[in-house]
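Topology and contacts: notes
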Amino acid sequence: MTSTDDNELGARREEGPQPLVGLSQLALDHMEQGVCVYDADNRIVLVNQRYLSLFNMSAETVRIGTSYRDVLAHSASRGNFPASELNALYTRRVKQIAAGQPFRTEQTLASGLVMSLELKPLPGGGWMTICDDVSRLARLEAELRLQTERSQHALANMSHGLIMYDADGRIVVCNERFLNLYDLDPNIVKPGVAHSTAIDHWLSRGNKADMPGDKFRDSRMDDVRARSAKAVLVTRYDGGKVQAVSRFMPDGGWVTVHEDVTERLQYEETLKQQNMMLDAALENMAHGLAFYDSDMRLRVCNNTYRQIYRLSPEQTRPGTHLSELIERSMQNGAFATEYSPQEILETARERLAHRDSSPMRRRMVNDTVISVRYCALAEGGFVATYEDITEREHAVEELSEQYRRFDAALNNMSQGLCMLDSSLRVIVCNRRYIEMYGLSTDIVKPGVSMREIMEHSCELGNHSNTTGAKLYADYVERLREGEHTLHRHLSDGRIIKLNHKRMEHGGWVVTYEDVTERHKAQARVAHMARHDSLTDLPNRTLFHEKMGDGLNQVATAGGAMAVLCFDLDNFKTVNDRFGHAAGDRLLRWVATRLKENVGEHDTVARLGGDEFAILQRGPQPQSAEKLASRLVDIIAQPLQLENQSVHVGVSVGIAVAPDHGLDADELMKCADLALYQAKAKGRGAYQLFEPEMEEEARRRHALEHDLRGALEASEFHLVFQPQVRLDTTELTGFEALLRWKHPARGLVSPAEFIPLAEENGLIVPIGEWVLRTACATAAPWADLTVAVNLSPVQFRSRGLVTMVTSALAEAGLPPRRLELEVTETALLDDSEATIEILHQLRALGVRVSLDDFGVGYSSLSYLRKFPFDRIKIDRSFVGTLGESPESVAIVRTIASLGSVLGVETTAEGVETIEQLDFVRACGCTAVQGYYFGKPCPAAEVGRAIETLNAVRRVA
Ligand SMILES: Nc1nc2c(ncn2[C@@H]2O[C@@H]3COP(=O)(O)O[C@H]4[C@@H](O)[C@H](n5cnc6c(=O)[nH]c(N)nc65)O[C@@H]4COP(=O)(O)O[C@H]3[C@H]2O)c(=O)[nH]1
């Protein structure tokens, strides 16, 4: 107590027995609790120091006699509670005290102390308050709570299962891991549950030990009783393994920790297996293996080692020194004689000292070669490996040989070859490759990149208009596409074909082939496929393509295009007379004339034989007609062949797109029809297609169709025209002329149907009918001849001579009364063969005359080749005698020619007395014409004979 208090207490002492007050006060002052006693008027009668210090109150203010209200006011002023609550607090407390029941309350003071206050009414009035600092308790409690939480947390998060029992064998605590580990029910396994119950539940969940359940339970109980802390291995319901270890506590309880050892056991098992396998592998290794310690003493070796060195297991006991091993194996005859034990040992020492683990060869007996390596170990000692490389050495030798062969093959290949790795660096390349590009062997060698090679190749000038970098970039791009072939056009004109094939393990094999010649040949073949070999003009195929293109252009862009079809008028004659070489020259000459007369965008083609065609753009048909006219004139010019001047002409048919169509075939057909007409007009003419020509063609077709049935339908008959000797006006015979009386068309002119029959070959059967009918008709005529026309086509058909023989025999007509009329055209086709036939006919005794003489080109040469009995001067000359001096000259010439050759000359088409007189004056020996008689049916021949005889008599 303070001195101030002493004064106060002194005053009190006077009020009571001193010894008691002093002791009480002393006791009060040493109390842990604060005490303050109030009288019934709520004034302090006793207060201890602890009370004042707990509330941080002044002894001057709070002392005996101080009212409770003042005490509270002072406490509020010390910040122990808000002053605003003073009245309310005072009133409430006083009321509670007045209720006569003790009560407790807690108050947190300004100092932070937590104060427990007990207010108790005192018997006989008054009351007291006992204050206790409960702050430490509260702190302890909080700490305890935290500790407990941490423990629980640790327990819950333990990786092992944990269960704790008390001395009575009841569960104190177990963690969740424990429950999960064995799939236990937390409602069964919980604090307070007996050990045996927990074991039963554990067993019921499918967990087991390596003994029956009952036995296991008993064994566990025994362990507890014996406080045996042994580890038990149990099997979980899912097959997992758990190790349980119990620890006994001083209070009699125990804790068991359960650890899931499934993986550990598996790992250990695997390790065991691995070790076993390693042992087995070591023993069964193809390589010999031996471990030595730092003293070069053997620690372990395998069987292969023993076999290589011919050592027994006894001789290779651990601890045996390497030198001993070497000596023993030498004694056992393992080594070839070239080695000494010291040498081998020394080598081993040196290699180990230098940590040289490179392989070294050891020759053993039987030509076996062992590769030995010493490999020093970090922890001391070394491992030695021994590999039998005999086979490998042989293989290497073989491989070297193969490589030499491969190298020879590679360098003797006609193709270049380059093997590239996946980063396009050269693995190997051959000589041909280097030569092909003229590369330097200093640059192109294994390891060089394709990029460097390309740069080098560019520097050599192999590739124009590019750089090595660009070339390489393009190359890489192409390789991305995979295997491919590409063609490099080198600046010297060569073409190199590069073929890229992937290699199995990455990289490329590239072959290089000089395909320049092949390309040229292919180009030639391609050119030949579309060009005529003789003239080098486009052929029919290319012409059609070009025509297609041209027509497309006309269809899309407008304009016009003409197709001109050319046919040489006299080609066959030239070919026959001068031979094929001359014919070829003629064709080339024509090709040149055509080419030099067309524009650069026009196309000249040879369609075959003597057929040519031109595609011409420009205003049409004017351009085409102009061109045709010019070419007709040019080709009509004489040409020197075999030192002779030859005349050929050309006929031209023209069709124009779009006027005559836009279809190639259609247009060609139109040009052909026009050509047909041009030829019909006479030689050396051109003709523009006219739509009527189609009609004409149709008509011709219809006529042809009817003609085919005419013979069978007996629509033919013969008429006979008299032939008269001029000097005596004697009737010498008749010319048989064919007539076709069509049921609908009426009489069709031979001039119309004979060419048609010749075109389609019908002339052969028709001609036979004519001959047989003429012979049969003439047979009864007394000594008169019958002249029958033979078509050139009949000469080409086989059996003409036989047929004539048969007709004569059949009719009983003496051969000398048959005269066969042939035209020059028959002689043109295949003159040699024709002349041979004529000789055969002559040999039969038949007379042969040359018809329509004067209109051909080579009459004189034919006259030399065959001795005709008669020359018939074409009626065109006779008909124009009055107006054409040329005709006069021709008739005169032919007549005098006949006279010189001793051949009869018949003037055809004599209609008038003037013509008769004239041809007589010219020296013709015979005539035929309307003057002496028109052709008459067979029935009228008798009368004609009579009439002519009468005329003769008159003459
Ligand atoms: N204007 C006129 N014409 C006269 C005169 N004298 C005769 N003629 C006609 O001239 C043609 C003479 O026959 P060709 O020169 O052999 O010419 C023949 C001949 O090349 C051919 N031909 C007729 N019959 C046959 C035949 O059986 N076989 C063959 N292969 N061709 C025949 O048809 C051609 C024409 O025969 P045709 O029309 O019968 O015409 C006949 C005849 O009627 C005359 O004074 N004035």
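Below you will find a few notes about this structure. (Residues numbered from 1 in each chain as written. Predicted model: local features only at pLDDT ≥ 70, side-chain atom pairs only at ≥ 80, totals over all residues. Heavy atoms only, no water.)

1. Structural notes on the state of the cysteines
Formally, a disulfide is one covalent bond, and it connects the sulfur atom of one cysteine to the sulfur atom of another. Taken as a whole, this structure holds zero disulfides when the rule is applied. As a non-bridged cysteine, Cys 36 has Cys 131 as the owner of its nearest cysteine sulfur, 7.8 Å distant. (Disulfide = S-S within 2.5 Å.)

2. Thoughts on the packing of helix 21 (residues 580-596) against helix 22 (residues 622-636)
Contact geometry for helix 21 and helix 22: axes closest at 10 Å, N-to-C directions at 145°. In this structure, helix 21 crosses over helix 22, and the sense of that crossing is right-handed. Only Leu 631, Ile 634 and Ile 635 of helix 22 make contact with helix 21, whose side of the interface consists of Trp 589, Val 590, Arg 593 and Leu 594. Broken down by class, the residue content of the contact of helix 21 with helix 22 amounts to six nonpolar, no polar and one charged. (Axes fitted to C-alpha atoms, helices over the stretch in contact; angles between N-to-C directions. Helix = DSSP H or I, 4+ residues; strand = E, 2+ residues; numbered from the N terminus. Left-handed = near helix turned anticlockwise from the far one by under 90°. Contact = heavy atoms within 4.5 Å. Nonpolar A, V, L, I, M, F, W, Y, C, P; charged D, E, K, R; others polar.)

3. Some thoughts on the packing of aromatic side chains
Within the structure shown, the criterion is met by 29 aromatic pairs. Ring centres 4.3 Å apart and planes at 15° place the aromatic pair Tyr 38 and Trp 127 in the stacked group. One end of the pair, Tyr 38, is in strand 1 (residues 34-38); the other, Trp 127, is in strand 5 (residues 127-133), and 89 residues separate them in sequence. Since its relative accessible area comes to 1%, Tyr 38 is described here as buried. An aromatic cluster of at least three residues, connected via ring pairs, comprises Tyr 305, Tyr 309, Phe 335, Tyr 339 and Tyr 386. The lysine or arginine in question, Arg 362, covers the ring of Tyr 339, its NZ or CZ lying 5.0 Å from the ring centre. (Phe/Tyr/Trp six-rings, centres within 6.5 Å; stacked < 30°, edge-to-face > 60°. Buried < 20%, exposed > 50% of the residue type's maximum accessible area, 1.4 Å probe, protein only. Lys NZ or Arg CZ within 6 Å of the ring centre and 35° of its normal.)

4. Overview of the sheet that holds strand 27 (residues 686-688)
Pairing within the open sheet is mixed, and its five strands lie in the order 22-23-21-26-27. Only two strands of the sheet have a single partner each, and these edge strands are strand 22 (603-608) and strand 27. Neighbour to neighbour, the strand axes of the sheet diverge by 20° on average, direction disregarded. Strand contacts of helix 19 (residues 540-557): strand 21 (561-568), strand 22, strand 23 (611-617) and strand 26 (650-657), with the helix running at about 20° to strand 23, the strand carrying the most contacts. (Pairing = 2+ DSSP bridges.)

5. Here we look at helix 12 (residues 322-331)
Looking only at helix 12, the buried set comprises Leu 322, Leu 325, Ile 326 and Ser 329. Taken end-on, helix 12 shows its buried residues confined to a sector of 100°, consistent with a single buried face. Those residues of helix 12 that are buried lie in contact with strand 11 (288-292), strand 12 (298-301), helix 11 (303-308), helix 13 (341-353) and strand 15 (382-388). Looking one or two residues beyond helix 12, the residue adopting positive phi is Gly 333, at roughly 80°. (Arc of directions from axis to C-beta.)

6. A short note on unusual backbone geometry
Between Gln 620 and Pro 621 the backbone carries a cis peptide bond, its omega angle lying at 5°. The phi dihedral of Asn 465 falls on the positive side, at around 60°, and the residue is not glycine. By secondary structure assignment, the location of Asn 465 is in the loop between helix 16 (450-459) and helix 17 (468-480). You can call Asn 465 exposed: its relative accessible area is 83%. Even without being a glycine, Asp 852 presents a positive backbone phi close to 55°. Looking at the secondary structure, you find Asp 852 in strand 33 (residues 847-853).

7. Looking at the pattern of salt bridges
All chains considered together, the criterion is met by 51 salt bridges. Notably, a salt bridge pairs Asp 492 with Arg 494, separated by 2.9 Å at the nearest N-O pair. Take Asp 492: its relative accessible area is 51%, and that puts it in the exposed class. In this structure Arg 494 comes out as partly exposed when scored by relative accessible area, which is 21%. (Salt bridge = Lys/Arg side-chain N within 4 Å of Asp/Glu carboxyl O.)

8. So, the nonpolar core
Residues Val 786 and Leu 818 are the most contacted members of the largest nonpolar core, which totals 80 residues. In terms of nonpolar packing, the next biggest core, distinct from the first, is built from 36 residues, Phe 578, Ala 582, Leu 586 and Val 652 among them. (Core = buried A, V, L, I, M, F, W, Y, C linked by side-chain atoms within 4.5 Å.)

9. Comments concerning the pairing of strand 23
On a regular strand, one side chain projects to one face of the sheet and the next to the other, so that they alternate. Among the seven residues of strand 23, five are classified as buried, and the element is accordingly described as predominantly covered. Where strand 22 folds back on strand 23, the antiparallel hairpin that results is connected by two residues, among which Gly 609 adopts a positive phi of roughly 50°.

10. Some points on the site of the ligand
Around the ligand sit 20 residues, and of these Gln 721, Arg 739, Arg 875, Glu 911 and Tyr 930 come closest. The contact in question runs from an oxygen atom of the ligand to an N or O atom on the side chain of Asn 789, over 3.0 Å. A distance of 3.3 Å separates an oxygen atom of the ligand from a polar side-chain atom of Glu 908. Relative to its free-state accessible area of 780 Å², the ligand is covered by the protein chains to the extent of 85%. Sorting the residues of the shell around the ligand by element identifies strand 29 (731-742), helix 25 (750-760) and strand 33 as the ones contributing at least two each. Tallied by class, residues from the shell around the ligand come to eight nonpolar, five polar and seven charged. (Near = heavy atom within 4 Å. Polar contact = N/O pair within 3.5 Å; in protein donor to acceptor, adjacent residues only side chain to side chain. Areas by Shrake-Rupley, 256 points an atom, 1.4 Å probe, with all protein chains shown as cover.)

By themselves, these are just geometric observations and shouldn't be taken as functional.
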